[in-house]
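# Examination of the molecular architecture
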Amino acid sequence: MVHHYIRGTYYDLGFQIGGTHAELIRYLVRQYATYHAPLPKPSRCRQLDRAVTYLAEHFPWAVEELRGYGEGCGLGFDVLAFMLCFGFGRKKALSEGCS
């Protein structure tokens, strides 16, 4: 079991944990994309922009922590944000509204 002793901002927390568990996070994203639905191409998604704007207004610490996770594991913020906002329970690609 890994125990984390982290100081700093919410971003720092996410970055350190994302870096520590980078292999596991990347594996989970690959498995999700393989068995559930593909993630969108790395272009901007209007639905994701709206969701992140809402989250940033109401839960700014969570957005900063997620940015840290994304950068710490090397996948980037958009991939993790998309999975958390739209991914779970989805059986097909989200194509409407993403361009």
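These remarks concern the structure in this document. Just so it is clear, the model here is predicted, and its values are computed rather than measured.

## Considerations on the overall build of the protein
- When you go through the protein residue by residue, the secondary structure sums to five helices and zero strands.
- Its helices and strands in sequence order give the protein the pattern α-α-α-α-α, from N to C terminus.
- Counting all 99 residues of the protein, 27% fall into the buried class.
- Carbon together with sulfur atoms contributes 58% to the accessible area of the protein, which is approximately 6800 Å² in total.

## Digging into helix α4 (residues 60-73)
- Helix length check: α4 (14 residues) gives 20 Å between terminal C-alpha atoms against 20 Å at 1.5 Å per residue, within 8%.
- Looking at α4, one finds that the buried residues are Val63, Glu65, Leu66, Gly68, Gly70, Gly72 and Cys73.
- Those residues of α4 that are buried lie in contact with α1 (10-20), α2 (22-35), α3 (46-58) and α5 (77-87).
- Positive backbone phi, at 90°, marks Gly74, one or two positions downstream of α4.

## A closer look at the pattern of salt bridges
- Using the criterion set out here, one finds one salt bridge in the structure.
- For Arg67, the salt bridge identified is with Glu64, shortest N-O distance 3.6 Å. In this pair, Arg67 and Glu64 are both assigned in helix α4, three residues apart and thus about one turn of the helix distant.
- When its relative accessible area of 35% is taken as the criterion, Glu64 is described as partly exposed.

Conventions used here
Residues numbered from 1 in each chain as written. Predicted model: local features only at pLDDT ≥ 70, side-chain atom pairs only at ≥ 80, totals over all residues. Heavy atoms only, no water. Helix = DSSP H or I, 4+ residues; strand = E, 2+ residues; numbered from the N terminus. Buried < 20%, exposed > 50% of the residue type's maximum accessible area, 1.4 Å probe, protein only. Areas by Shrake-Rupley, 256 points an atom, 1.4 Å probe, with all protein chains shown as cover. Expected span 1.5 Å × (residues − 1). Contact = heavy atoms within 4.5 Å. Salt bridge = Lys/Arg side-chain N within 4 Å of Asp/Glu carboxyl O.

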